[in-house]
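Fold and contact review
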Amino acid sequence: MKLLAIVGSPRLKGNTNYLVDQALAEAKTLGAETEKVVLSQYKVNPCLGHTECASYDSCRQKDDAGWILDRLCEADGVILGTPVYYYNVSAQMKAFIDRSYFLYQHGRKSQAKAVGVIVVAESLGIEDTLHTLKLFINEAFDVGEDRIFVVTGYAGGPGEVKNNLPLVAETRKLGRQMAETLKTEGVG
Ligand SMILES: Cc1cc2nc3c(=O)[nH]c(=O)nc-3n(C[C@H](O)[C@H](O)[C@H](O)COP(=O)(O)O)c2cc1C
């Protein structure tokens with residue numbers, strides 16, 4: 001059972017990373033093999049919009065988006081984690097979402113059978129951020145609403161979320177639910 005997390009926060013000791021780690025740790029106790037890709041640690045350029053993806057076997061841009069998208073397609077479960085930046089996903093996450101246009105142009109979707117969403121804001125913008133992520137999930141995955149697990153919460157300073165124990169517990173539950181869902185789907 002392979003669980004991949006894609007993280008849009010550039011703060012390695014920030015709130016999103018902390019919560020994503022909690023979800024992955026919980027899933028691991030149920031046998032999941034976990035991997036976390038923090039987008040800011042790689043080169044994922046914005047899409048250049050030439051829209052000729054379908055004519056090429058790989059994106060013309062030679063950066064890290066290609067292999068990360070391949071992992072997204074192969075994973076049994078995927079967690080998308082992002083802070084709210086200006087009422088939406090972070091720029092790192094948006095660039096990654098835009099680059100998934102390559103998959104769309106090739107008629108490819110992720111085979112993941114469960115998707116987790118973790119969003120952290122200081123005060124405003126969670127709804128709009130969730131809207132963007134849900135549209136991405138509809139496009140890049142083939143999962144029903146009952147296979148999408150969402151946790152959102154509020155925190156400002158890096159790591160501040162650690163003190164929000166109910167939110168941490170809710171996030172661990174997300175990891176557990178994803179692993180259990182994958183087990184019931186027959187993913188070993
Ligand atoms: C550029 C930028 C834009 C932000 N925009 C918002 C926003 O629109 N709404 C909000 O509630 N918080 C906003 N924040 C605050 C972050 O969402 C908040 O600090 C969050 O905890 C960061 O998560 P992280 O520690 O995982 O990076 C913004 C922060 C930055 C740096």
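Residues numbered from 1 in each chain as written. Predicted model: local features only at pLDDT ≥ 70, side-chain atom pairs only at ≥ 80, totals over all residues. Heavy atoms only, no water.

Looking now at the sheet that holds strand β2 (residues 33–38). Read from one edge to the other, the open sheet built from five strands follows the order β2-β1-β3-β4-β5, with strand pairing classed as parallel. Since the sheet does not close on itself, it has two edges, and those belong to β2 and β5 (148–154), each with one partner. Here the strands of the sheet are splayed against their neighbours by 15 degrees on average, with no regard to which way each runs. As paired elements, strand β1 (residues 2–7) and strand β3 (residues 77–83) share five bridges and run parallel to each other. Each residue of the ladder has a partner; that of Ile 6, found in β3, is Leu 80. (Pairing = 2+ DSSP bridges. Helix = DSSP H or I, 4+ residues; strand = E, 2+ residues; numbered from the N terminus. Axes fitted to C-alpha atoms, helices over the stretch in contact; angles between N-to-C directions.)

Our next topic: the confidence of the model for the chain. Per-residue confidence for the chain gives a mean pLDDT of 97, with 100% of residues at or over 70. When pLDDT is averaged over each helix and strand of the chain, the minimum, 97, is found for helix α4 (residues 101–105) and the maximum, 99, for β3. (pLDDT = per-residue confidence, 0-100.)

Going through the model one piece at a time under the given rule, you end up with nine salt bridges. The closest approach of N and O atoms between Glu 26 and Arg 172, which form a salt bridge, is 2.7 Å. Of this pair, Glu 26 sits in helix α1 (residues 15–29) while Arg 172 sits in helix α6 (residues 165–184), and the two are 146 residues apart along the sequence. Its relative accessible area of 14% is what places Glu 26 among the buried residues. The closest approach of N and O atoms between Asp 146 and Arg 147, which form a salt bridge, is 3.1 Å. You can call Arg 147 partly exposed: its relative accessible area is 23%. Salt bridges linked by common partners bring Glu 26, Arg 172 and Arg 176 together as one network. (Salt bridge = Lys/Arg side-chain N within 4 Å of Asp/Glu carboxyl O. Buried < 20%, exposed > 50% of the residue type's maximum accessible area, 1.4 Å probe, protein only.)

We now examine the packing of α1 against α6. A pair of packed helices can be characterised by two numbers: the angle between their axes and the separation between those axes. At a minimum axis distance of 7 Å, the contact between α1 and α6 shows a crossing angle of 45 degrees. One finds that α1 runs oblique with respect to α6. Of the two elements, α1 crosses α6, and the hand of that crossing is right-handed. In this structure, α1 uses Tyr 18, Leu 19, Gln 22, Ala 23, Ala 25, Glu 26 and Ala 27 to contact α6, whose residues at the interface are Leu 167, Val 168, Thr 171, Arg 172, Leu 174, Gly 175, Arg 176 and Ala 179. Of the residues contributing to the contact of α1 with α6, the split by class is nine nonpolar, three polar and three charged. (Parallel < 35°, antiparallel > 145°, perpendicular 65-115°, else oblique. Left-handed = near helix turned anticlockwise from the far one by under 90°. Contact = heavy atoms within 4.5 Å. Nonpolar A, V, L, I, M, F, W, Y, C, P; charged D, E, K, R; others polar.)

This brings us to the site of the ligand. Close contacts around the ligand come from 17 residues, with Ser 9, Thr 16, Ser 123, Leu 124 and Ala 155 the closest. One of the backbone N or O atoms of Glu 122 is found 3.0 Å from an oxygen atom in the ligand. Note that an oxygen atom of the ligand is positioned 2.7 Å from one of the backbone N or O atoms of Ala 155. For the ligand, the protein covers 79% of the area, taking 640 Å² as the surface of the free molecule. For the shell around the ligand, the elements supplying multiple residues, two or more each, are α1 and β4 (114–121). Looking at the shell around the ligand residue by residue, the class counts come to nine nonpolar, six polar and two charged. (Near = heavy atom within 4 Å. Polar contact = N/O pair within 3.5 Å; in protein donor to acceptor, adjacent residues only side chain to side chain. Areas by Shrake-Rupley, 256 points an atom, 1.4 Å probe, with all protein chains shown as cover.)

Let us look at the nonpolar core. By size, the foremost hydrophobic cluster in this structure holds 34 residues, and its most contacted members are Ile 6, Leu 72, Leu 80, Met 93, Phe 96 and Phe 141. When residues of this core are traced back to their parent elements, those giving at least two are β1, α2 (65–74), β3, α3 (91–99), β4 and α5 (126–140). Residue contributions to this core peak at six residues, all from α5. Setting aside residues up to four positions removed in sequence, Phe 141 forms contacts with Leu 72, Val 78, Lys 109, Ser 110, Ala 112, Val 115 and Phe 136. Counting residues in hydrophobic clusters, the runner-up holds 26 residues, among them Val 20, Val 151, Leu 174 and Leu 182. (Core = buried A, V, L, I, M, F, W, Y, C linked by side-chain atoms within 4.5 Å.)

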